[in-house]
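Results of the structural survey
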Amino acid sequence: MFKDIQKKLLLKHPLLWNTKFVPMVVIGLLLHLIFFGLGYLDGTIDFSNRNNLDIEVTCILFGVLLVIIIIILWLVNYFKNNSLKSFYSKSKYSLFYEWLQIFVVGTLLITFYLPFSVGKQLHQKSYYSLEETTNRCKTIATADMFIDGSFAQTEIDSLASGLIDSLGNKLVNNEISENYETQERAYETQATMAYAYKDHIIFNGKKYDQFSLVNRNTFEFTVISREQDSLNRIKVQNWLYQDNQTEVKNLMNNYLSLIREHNLATNLTLDKWFQAVYKAPEFDEFLYIQPYLKEYETDESYNNSYVYAAKVGNEERKYSKYFIQQDVLKEKYDTVSEAHTDSFFNIEMILGFLYGAFGLSILIFSFRVTSGKSWLIAVVTSGVVNIVYGIFTAITGVGNMYAYLILFTILGIIFYFFLIYFNKKNLQLSRIALNLFLWSFLGIIPLIYFIIQEHYASKYDYRTGYSYTSPEYVWLRDHITHMFSLNFILAILTLFFLSKVIRNWKGISED
């Protein structure tokens, strides 16, 4: 089939025939389809197992090797016929169309990871709808307050903080310290004890210990917003404040239903769990529910009725004999949650692949329009120049020196190429210059952009004696993605007009 298509293209569209565009597009699309399937397979979630199926690294390595082989075979066939050498009669912008075909093929080949990631995310999303995922994550998040959740920070004690700060100032000013060692501790005191926090919280007018269940945090999932997290936490706090045992038991029962549904390990029942943690009205004598360990199933000593304490920071945790495999449950639903909230693509990833495809296409295109000898000389020259500039920058110690040197070198190469082009002589040297020109013109705008950004990196305020980040630097930092997007579009437009120049340049006499 491909042979028949190629014959028709040779007669009607020789440029498409020459680049082997149609068969390469078919191969590229087939590659995408294969990796979509592999990604979908990799998105399998085993809710009862700690480890998911993970073939991503293997698939990427396999994909890279496969793409390299495909590109080599493609180039061997593509370079067999060079219309620039066989016949010169080419349309005005035919070189641009040729580059565009190379770019499309290159993009299809190097972006095999995109369908892989899409397939993986689609499979992870398919387990539960967004609504169902949100409801299940809400149960897991709020139940964590009764298992092993963290504690929220208490309010700042303004009186204690003021005393500490005053003491630190006195120590630093040597008002009560008489030796260097004491004053060093004073600096440390002032730096690390700027604030003191209360050892309690006030909820609905009632005082609770900072390590009370009422001050527990919920577990965070991406499908639940920060605002909704806060509302869920307040709802459970109200249950505790109102001693609403029915709602607490319903929450625990829903959580245990998820544990049973996914065959996760636990020795908890609803009654045991409630008795271990629900210690109204202060809720500060509760027992922690332990994370699951395999030993719990085989060692009888783990099932004895005992309580042991462990020191964690300023908090003494009392652990019960009960365990539950909550880490696996959180991990799996966190994966489903992120699959629902993460975008399939982000602009940075797309730009990365586009720039990669652009670079590959320019390397192939420059080899096509010049010669293998000049192409290799340009590679060596580029390497030597970068090494010399790197050493010179290291010796001088000027941070921006490398960027300035590269920028002026690129501009010099462009000027030299057009000087030869308009004078129509010294074709051999202009081949090397054209290679370097094609490889580097894409970097002009980013180099200028980052030089300007570095110029605005910090400003010194003589009134306060402090450096500060300038608003110009912040604006440039926040618009880097826009710069690279615009640069890519301008690079294609530049290549569109440059292709006509290259076509005319090929007509310069060798002598």
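Residues numbered from 1 in each chain as written. Predicted model: local features only at pLDDT ≥ 70, side-chain atom pairs only at ≥ 80, totals over all residues. Heavy atoms only, no water.

A tally of regular secondary structure across the protein gives 21 helices and seven strands. Here the protein holds 511 residues, and the buried ones make up 41% of them. Put simply, 77% of the contacts in the protein that link residues at least 6 apart link residues at least 24 apart. (Helix = DSSP H or I, 4+ residues; strand = E, 2+ residues; numbered from the N terminus. Buried < 20%, exposed > 50% of the residue type's maximum accessible area, 1.4 Å probe, protein only. Contact = heavy atoms within 4.5 Å.)

Moving on, we come to the pairing of strand E2 (residues 206–209). Note that strand E1 (residues 200–203) and E2 share four bridges and pair antiparallel. Its bridge partner lying in E2, Ile202 is registered against Lys207. Where E1 folds back onto E2 in an antiparallel hairpin, the turn is made up of two residues, including Asn204, whose phi is positive at roughly 55°. (Pairing = 2+ DSSP bridges.)

For the rest of this paragraph, the subject is the environment of Asn504. Among the secondary structure elements, Asn504 is positioned in helix H21 (residues 480–505). Note on Asn504: relative accessible area 29%, which makes it partly exposed. Sequence separation between Asn504 and Tyr421 is 83 residues, and the spatial gap between their C-alpha atoms is 8.8 Å.

What follows concerns the pattern of salt bridges. If you walk through the whole model with that rule in mind, you get eight salt bridges. Arg136 is paired through a salt bridge with Glu132; the nearest N and O atoms lie 2.6 Å apart. One end of the pair is Arg136 and the other is Glu132, both in helix H8 (residues 130–143) and four residues apart, which spans about a single turn. The buried category is assigned to Arg136, whose relative accessible area is 13%. (Salt bridge = Lys/Arg side-chain N within 4 Å of Asp/Glu carboxyl O.)

Right, let's get into helix H15 (residues 347–369). The end-to-end C-alpha distance of H15, which contains 23 residues, comes to 32 Å, matching closely the 33 Å that a straight helix rising 1.5 Å per residue would cover. All buried positions along H15 are accounted for by Leu351, Phe353, Tyr355, Ala357, Phe358, Ser361, Ile362, Ile364, Phe365, Ser366, Arg368 and Val369. (Expected span 1.5 Å × (residues − 1).)

Take helix H17 (residues 401–423) next. Given a rise of 1.5 Å per residue, 23 residues ought to cover 33 Å, and the 33 Å separating the end C-alpha atoms of H17 matches this to within 8%. Within H17, burial applies to Ala403, Ile406, Leu407, Ile410, Ile413, Ile414, Phe417, Ile420 and Tyr421. On its buried side, H17 packs onto helix H16 (372–396), helix H18 (427–440), helix H19 (444–455) and H21. Immediately downstream of H17, the backbone of Lys424 shows phi near 55°, a positive value.

Turning our eyes to something else, we now look at the packing of aromatic side chains. Summed over the entire model, instances satisfying the criterion amount to 44 aromatic pairs. Residues Tyr355 and Phe484 carry aromatic rings whose centres are separated by 5.7 Å and whose planes lie at 90° to one another, so their mutual orientation is edge-to-face. With a gap of 129 residues between them, Tyr355 in helix H15 and Phe484 in helix H21 connect regions that are remote in the sequence. Judged by relative accessible area, which is 18%, Tyr355 ranks as buried. Ring centres of Phe367 and Trp375 lie 5.7 Å apart, and the angle between their planes is 80°; this geometry places the pair in the edge-to-face category. The exposure class assigned to Phe367 is partly exposed, which follows from its relative accessible area of 31%. Cation over ring: Lys249 sits above Phe274, and NZ or CZ is 4.7 Å from the ring centre. Seen from the ring of Tyr78, Arg368 lies directly overhead, with NZ or CZ sitting 4.2 Å from the centre. (Phe/Tyr/Trp six-rings, centres within 6.5 Å; stacked < 30°, edge-to-face > 60°. Lys NZ or Arg CZ within 6 Å of the ring centre and 35° of its normal.)

What follows deals with the nonpolar core. Ranked by internal contacts, the top residues of the largest apolar core, which has 60 residues, are Phe358, Leu438 and Ile502. Dropping the residues within four chain positions of it, Ile502 is found in contact with Leu95, Phe365, Val369, Leu434 and Leu438. (Core = buried A, V, L, I, M, F, W, Y, C linked by side-chain atoms within 4.5 Å.)

Relative to the elements of secondary structure, Ser366 occurs in helix H15. A relative accessible area of 0% places Ser366 in the buried class. Along the backbone, Ser366 and Phe437 are 71 residues apart, and their C-alpha atoms lie at a distance of 9.5 Å. When sequence neighbours within four positions are dropped, the list of residues in contact with Ser366 reads Trp375, Asn435, Leu438 and Trp439.

Judged by side-chain polarity, Ile445, Leu486, Ile489, Leu490, Leu493 and Phe497 come together as a nonpolar surface patch covering roughly 550 Å² of accessible area. Among the elements that make up the nonpolar patch, the one with the highest residue count is H21 (five residues). The residue Leu486 is located in helix H21 in this model. (Patch = residues over 30% accessible without salt bridge, like charges linked within 9 Å, V, L, I, M, F, W, Y side chains within 5 Å. Areas by Shrake-Rupley, 256 points an atom, 1.4 Å probe, with all protein chains shown as cover.)

Moving on: the packing of helix H4 (residues 56–78) against helix H7 (residues 113–125). Where H4 contacts H7, the axes come no closer than 11 Å and their chain directions differ by 155°. By the angle class used here, H4 and H7 are roughly antiparallel. The chirality of how H4 crosses H7 is right-handed. On H7, the residues that touch Glu56, Cys59 and Ile60 of H4 are Tyr113, Phe116 and Lys120. Looking at the contact of H4 with H7, its residues break down into four nonpolar, no polar and two charged. (Axes fitted to C-alpha atoms, helices over the stretch in contact; angles between N-to-C directions. Parallel < 35°, antiparallel > 145°, perpendicular 65-115°, else oblique. Left-handed = near helix turned anticlockwise from the far one by under 90°. Nonpolar A, V, L, I, M, F, W, Y, C, P; charged D, E, K, R; others polar.)

Moving on, we come to the side chain of Thr154. For Thr154, the position within the fold is in the loop between H8 and helix H9 (158–172). In this view, Thr154 contacts Tyr197, Lys198, His200, Ile201, Gln210 and Asn215; residues no more than four positions away in its chain are not counted.

The next subject is a negative patch on the surface. Together, Asp199, Asp209, Glu282 and Asp284 make up a region of like negative charge exposed at the surface. Here Asp209 is to be found in strand E2. A residue is classified by how much of its surface remains accessible, and Asp209, at 33% relative accessible area, is partly exposed. (Lys, Arg positive; Asp, Glu negative; His and termini not counted. Charge placed at Lys NZ, Arg CZ, Asp CG, Glu CD.)

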